[in-house]
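Secondary and tertiary structure notes
Now for the letters of each chain:
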Amino acid sequence: MTDAQDLRRRTAELLAAHPPATTDRLEFLRARFDAGLAWVHFPAGLGGLDAPRSLQAVVDAELAAAGAPDNDPGRIGIGLGMAAPTVLRFGTDEQKQRFLRPLWTGEEVWCQLFSEPGAGSDLAALATRAVQDDEGGWVVDGQKVWTSSAHLARWAILIARTDPDVPKHRGISYFICDMTDPGVEVRPLRQITGEAEFNEVFLTGVRIPDAHRLGAVGEGWKVAQTTLMNERVAIGGSRIPREGGMIGVAAADWRARPALRTHDLHQRLLKLWVDAEVARLTGERLRQQLTKGQPGPEGSGMKLAFARLAQEISGWEVEFLAEDGLTYDDWTMRRPDGVDFTGREAGYRYLRAKGNSIEGGTSEVLLNIVAERVLGLPPEPRTDKDVAWKDLPR
């Protein structure tokens, strides 16, 4: 049984064999993965040691103290938080060996081809088609939207309709799509921030070998649920210290600018601080629950809290800073590698937070999930659940 002492020993051996000061960054990350110290709760041989998830903090602390490089998790968050747990649970041995190592080291960036222009909140209504060819592979045609990092990605997790003659949830299959295929076209979507962090993706005759299918044909919705639950935990349940994240920036502004303080703003900041601390502690409890298995619907509650707090805190900050809160560094159309909620100015945070209640599942959909699957309330009537997808009105 791997314990904290064993992990410290293994980490020390990694650092001795690959000193961070003199070792190439990618070489170090590959060695860390091979030593089982990438994500310790993963199986041995796949970047882990079959250890409790909670012990990852031991490894991370030792490596941080030694000045070791990380894998730039903000840039590869979709791969780490969504693709990797899905491949681990549903992938074949060959798929795990092929994809997990370069995913973790950041050599291959991933994106998520789920949402469509006509199937956003109702994801199961998607229309992108995958048709099997004579050689057993698949040919995919359709359009996806709101795809973060598609302009950087080497691979994508993709859900497509493989059987239009059954109800919408049953005719979907799950694939790994090669973003370098000539039939993949990525177009930027400029946002309210001025940047094009998101993209729309057009798929025209994209060929996917059957070896890149995850799960059984027609059971893609089941596989997608693993992705979606991990996505919500990744967005709303990240580990931060007390007074970390956006509430930390707001509190720092308050302490640095006493001339701008008012009683009303103080009361609102106190409430936001308490709400942020409650969310942080709830996230810690959720991570402890994850040591016992896969994430459940509770992650939807965390993602809901994250979206609400991000929008309320950024709104408070803009109001508190007065005219300084309206400043914005650069409106040039850019295609950034990721999102930085704490390293930019208040104006950016305020605008970017508007997307938090849409991405990763809209707040309205997540409220339904919490109501039905966490609180056990009666579900909403769904008259289309037994109707073949091809017969649904569009």
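Along each chain, residues carry numbers from 1 onward, in the same order as the chain's sequence is written. Local features in a predicted model are, by the rule used here, given only for residues with pLDDT of at least 70; side-chain atom pairs are given and counted only at 80 or more, and totals for whole chains, interfaces and linings are based on all residues. As a convention, hydrogens and water are excluded, and side-chain values are obtained from all of the structure's heavy atoms.

1. Some details on the nonpolar core
- Each nonpolar core is a collection of buried residues, namely Ala, Val, Leu, Ile, Met, Phe, Trp, Tyr and Cys, held together in the definition by side-chain atoms within 4.5 Å. Burial classification: accessible surface area is computed with a 1.4 Å probe over protein chains only, and a residue below 20% of its type maximum counts as buried, one above 50% as exposed, and the rest as partly exposed. Of all hydrophobic cores here, the largest spans 37 residues; its most connected members are Trp39, Leu100, Trp110, Phe114, Ile159 and Tyr174.
- Of all the secondary-structure elements, those providing two or more residues to this core are helix 2 (25-34), helix 4 (77-90), helix 5 (93-105), strand 4 (155-161), strand 5 (172-178) and helix 6 (220-236).
- Segments assigned H or I by DSSP are reported as helices when at least four residues long, segments assigned E as strands when at least two residues long, and all are numbered from the N terminus. Among the elements that take part in this core, helix 4 stands out by supplying eight residues, more than any other.
- Setting aside anything within four residues of it in sequence, one finds Leu100 in contact with Phe33, Trp39, Phe42, Leu46, Ala84, Val87 and Gln95. Here, two residues are considered to be in contact whenever any of their heavy atoms come within 4.5 Å of each other.

2. Description of helix 2
- What helix 2 keeps buried is the set Phe28, Leu29, Ala31, Arg32 and Phe33.
- Summarising the contacts, the buried residues of helix 2 are in contact with helix 1 (4-17), helix 3 (56-65) and helix 5.
- Count one or two residues on from helix 2 and you reach Gly36, which has phi positive near 80°.

3. Describing helix 4
- Counted at 1.5 Å a residue, the expected span for helix 4 with its 14 residues is 20 Å, and the 19 Å between its end C-alpha atoms agrees.
- The element helix 4 is extensively covered by neighbouring structure, given that 12 of its 14 residues are classed as buried.
- Buried within helix 4 we find Ile78, Gly79, Leu80, Gly81, Met82, Ala83, Ala84, Pro85, Thr86, Val87, Leu88 and Phe90. For a helix, the expected span equals 1.5 Å multiplied by the residue count minus one.

4. Description of a nonpolar patch on the surface
- On the surface, Val374, Leu375 and Leu377 cluster together into a nonpolar patch covering about 270 Å² of accessible area.
- Tracing the backbone shows Leu375 in the segment after helix 11 (363-374).
- Using a relative accessible area of 58% as the deciding quantity, one classes Leu375 as exposed. Each patch groups residues whose relative accessible area exceeds 30% and which form no salt bridge, using 9 Å between like charges and 5 Å between nonpolar side chains of Val, Leu, Ile, Met, Phe, Trp and Tyr. Per-residue and other accessible areas were derived by the Shrake-Rupley procedure at a 1.4 Å probe size, with only the shown protein chains allowed to occlude residues. By definition here, a salt bridge exists when the distance from a side-chain nitrogen of Lys or Arg to a carboxyl oxygen of Asp or Glu is within 4 Å.

5. Overview of the packing of helix 4 against helix 5
- Direction vectors running N to C along helix 4 and helix 5 enclose 165°, while the axes themselves pass 10 Å from each other. For the element pair helix 4 / helix 5, the angle class is roughly antiparallel. The chirality of how helix 4 crosses helix 5 is left-handed. Contacts from Gly79, Leu80, Ala83, Ala84, Val87, Leu88 and Phe90 of helix 4 reach helix 5 at Gln95, Lys96, Leu100, Leu103 and Trp104.
- Only Asp, Glu, Lys and Arg are considered charged in this grouping, and only Ala, Val, Leu, Ile, Met, Phe, Trp, Tyr, Cys and Pro are considered nonpolar; every other residue, Gly among them, is considered polar. Considered class by class, the residues forming the contact of helix 4 with helix 5 number nine nonpolar, two polar and one charged. Geometry is summarised by axes, namely lines fitted to C-alpha atoms with helices restricted to the contacting stretch, and by angles between N-to-C directions that run from 0 to 180 degrees. When an angle is under 35 degrees it counts as roughly parallel; over 145 it counts as roughly antiparallel; between 65 and 115 it counts as roughly perpendicular; any other value is oblique. Left-handed describes a crossing whose near helix is turned anticlockwise from the far helix through less than a right angle; right-handed describes the clockwise counterpart.

6. Here we look at the packing of aromatic side chains
- Any pair of Phe, Tyr and Trp rings, taking the six-membered ring for Trp, is counted once the centres come within 6.5 Å. Such a pair is stacked with planes under 30 degrees apart, edge-to-face with planes over 60 apart, and tilted for the rest. A complete count under the given rule lists 14 aromatic pairs for this structure.
- Note on Phe33 and Trp104: the rings are 6.4 Å apart at their centroids and 45° apart in plane angle, and the pair reads as tilted. Pair noted here: Phe33 is in helix 2 and Trp104 is in helix 5, with a separation of 71 residues, a long-range link.
- Judged by centre distance (6.5 Å) and plane angle (35°), the rings of Trp110 and Trp155 are tilted. Placement of Trp110 in strand 1 (residues 110-113) and of Trp155 in strand 4 is noted, with a sequence separation of 45 residues between them.

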